[in-house]
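# Fold and geometry: a report
So the chains spell out like this:
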Amino acid sequence: MSRVYNFSAGPAVLPEEVLREAAEEMLDYQGTGMSVMEMSHRSKAYKDIIEEAEADLRDLMGIPDDYEVLFLQGGASQQFAMIPMNLMKNKTADYIVTGQWAKKASEEAGKYGRVNIIASSADKTFSYIPDCSDLPVSEDADYVYICENNTIYGTKYKELPNTKGKILVADVSSCFLSEPVDVTKYGVIYGGVQKNIGPAGTVIVIIRRDLITEDVLPGTPTMLKYKTHADAGSLYNTPPAYGIYICGKVFKWLKKQGGLAAMKEKNEKKAKILYDYLDQSRMFRGTVEAKDRSLMNVPFVTGDEDLDAKFVKEAKAAGFENLKGHRTVGGMRASIYNAMPAEGVEALVAFMKKFEEENL
Ligand SMILES: *Cc1c(COP(=O)(O)O)cnc(C)c1O
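Described below are features of the structure shown in this document. (Residues numbered from 1 in each chain as written. Predicted model: local features only at pLDDT ≥ 70, side-chain atom pairs only at ≥ 80, totals over all residues. Heavy atoms only, no water.)

## Thoughts on the overall build of the protein chain
Looking only at helices and strands, the protein chain has nine helices and 14 strands in total. Its C-alpha atoms give the protein chain a radius of gyration of 21 Å, within 12% of the compact-globule value 21 Å for 360 residues. Taking the principal axes of its C-alpha atoms as reference, the protein chain extends roughly 65 × 60 × 30 Å. In the protein chain, which comprises 360 residues, the share counted as buried stands at 56%. If you sum the accessible surface of the protein chain, you get close to 15600 Å²; carbon and sulfur atoms cover 50% of it. (Helix = DSSP H or I, 4+ residues; strand = E, 2+ residues; numbered from the N terminus. Rg over C-alpha atoms; globule rule 2.2 N^0.38 Å. Buried < 20%, exposed > 50% of the residue type's maximum accessible area, 1.4 Å probe, protein only. Areas by Shrake-Rupley, 256 points an atom, 1.4 Å probe, with all protein chains shown as cover.)

## Looking at the environment of Thr222
Residue placement: Thr222 occurs in the loop between strand E10 (203–208) and helix H5 (226–231). By relative accessible area, which is 41% here, Thr222 ends up partly exposed. Those residues in contact with Thr222 that lie beyond four places of it in its chain are Thr228 and Tyr236. (Contact = heavy atoms within 4.5 Å.)

## Examining the side chain of Gln79
Mapped onto the secondary structure, Gln79 falls in helix H3 (residues 75–87). Aside from chain neighbours lying at most four places away, what touches Gln79 is Leu72, Pro84, Tyr190, Val203, Val205 and Tyr226.

## So, the pairing of strand E14 (residues 332–335)
Neither face of E14 is open: one carries Met332 and Ala334, the other Arg333 and Ser335, and all of them are buried. With four bridges connecting them, strand E12 (residues 297–301) and E14 associate as antiparallel partners. Paired with Val298 across the strands is Ala334, a residue of E14. (Pairing = 2+ DSSP bridges.)

## A short note on helix H7 (residues 259–280)
Spanning 22 residues, H7 covers 32 Å between terminal C-alpha atoms, matching the ideal 32 Å at 1.5 Å per step. Its axis deflected by about 25° at Lys272, H7 carries its strongest bend there. Listing the buried residues of H7 in full gives Gly259, Leu260, Met263, Asn267, Lys270, Ala271, Leu274, Tyr275, Tyr277 and Leu278. Of the surrounding secondary structure, the elements contacted by the buried residues of H7 are helix H2 (44–61), helix H6 (241–256), strand E11 (285–286), E12, E14 and helix H9 (342–359). (Expected span 1.5 Å × (residues − 1). Bend = angle between axes of the 7 residues up to and from the residue.)

## Considering the site of the ligand
Taken together, Gly75, Ala76, Ser77, Phe80, Trp101, Cys147, Asn149, Thr151, Asp171, Ser173, Gln194 and Lys195 make up the full set of residues near the ligand. In this structure, an oxygen atom belonging to the ligand sits 2.5 Å away from a side-chain N or O atom of Lys195. Computed on the free molecule, the ligand has an accessible area of 390 Å², of which 86% lies beneath the protein chains in the complex. It is H3 that contributes the most residues to the shell around the ligand, four residues altogether. Here the shell around the ligand is built from residues that sort into four nonpolar, six polar and two charged. (Near = heavy atom within 4 Å. Polar contact = N/O pair within 3.5 Å; in protein donor to acceptor, adjacent residues only side chain to side chain. Nonpolar A, V, L, I, M, F, W, Y, C, P; charged D, E, K, R; others polar.)

## Side note on the sheet that holds strand E5 (residues 144–147)
The strand order E2-E10-E9-E8-E5-E3-E4 describes an open sheet built from seven strands, whose pairing is mixed. Here the strands that pair on one side only, and so sit at the sheet edges, are strand E2 (67–72) and strand E4 (114–120). Going from strand to strand, the sheet's axes swing by 20° on average, the running direction of each strand aside. Two strands pair when backbone bridges link them, and E5 and strand E8 (residues 168–171) are joined in this way by four bridges, in the parallel orientation. Paired with Ile146 across the bridge in E8 is Ala170. (Axes fitted to C-alpha atoms, helices over the stretch in contact; angles between N-to-C directions.)

## Concerning a nonpolar patch on the surface
On the surface, Met26, Leu27 and Met37 cluster together into a nonpolar patch covering about 340 Å² of accessible area. Along the chain, the position of Met37 falls in the loop between helix H1 (16–24) and H2. Given a relative accessible area of 53%, Met37 falls into the exposed group. (Patch = residues over 30% accessible without salt bridge, like charges linked within 9 Å, V, L, I, M, F, W, Y side chains within 5 Å. Salt bridge = Lys/Arg side-chain N within 4 Å of Asp/Glu carboxyl O.)

Spelled out as structure tokens, the structure:
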């Protein structure tokens, strides 16, 4: 068996320890004689799994009691519709567009009400985060929406926008659990887990309880009401059971690493290795304004498409997988999520140095 360094943006690298544990428990989960995949979601064993996962997540993030934690399906993209369906009481929402995902979310919300784009960084290919300290937040906005870490472009909000009292809704898919977060600043925090937590198919929504009501847009399907899932403890129907089980293991792994403050420190050190190299390289350069750099997704280019392609090909042959940039950006992107070891980033930088020497 040999494992590569996997720089995929998602589905992405998971902690090896977690994968080994899951493998050990595959045929017989803790004496039940069956895999978690084969288990009734109403069984005692599964109830313990989902309850423990929630408790550990609450612990890690310091989620207050007036917030609900939901484990849902449908990918992050389903939340693009669920959010307006559940929250657009005035049928108005403000969106800050800092990349493809925020743009898609805003377009979806436009089906349900009036969407105001109150800031955007489209003018410079989403290479920065706009100043959000004094935006023209709409008087009647039901919420202000952001994508907190832009997976494709490699930017991250270092400061949350001033929403002038409106509810903040954030897609944190690609920065989930990468650093401590003050949950009380948000109305809704959500993310697909396949970027930084677990297998695709599970979405975690952390939502302030007073936002969960029956007062949703007419015609909202039962399955798309937060209340349906909140009332049933995420067990209204069969949940993404195996995915939640793996998420639970990752939560325990994170606690063992020292929690989110320790993860932040590790992630900063890891990202610095790569950014420091990019800043002095004569061949490669980062594509994002330094102040807005993501700790999780690092896009870079040589400035020559053929050379980019050569690099991606040779890197792959050397055991560095999925370094090709998003199809809309080109170049390269190294996603260095929680589970990417520092050695992986060090090895990548060593490889880049060698490539630079050989090709400059
Ligand atoms: C990947 C991603 C999505 C889309 O996730 P799906 O689960 O495929 O719908 C949305 N937002 C962000 C920030 C992402 O990185």
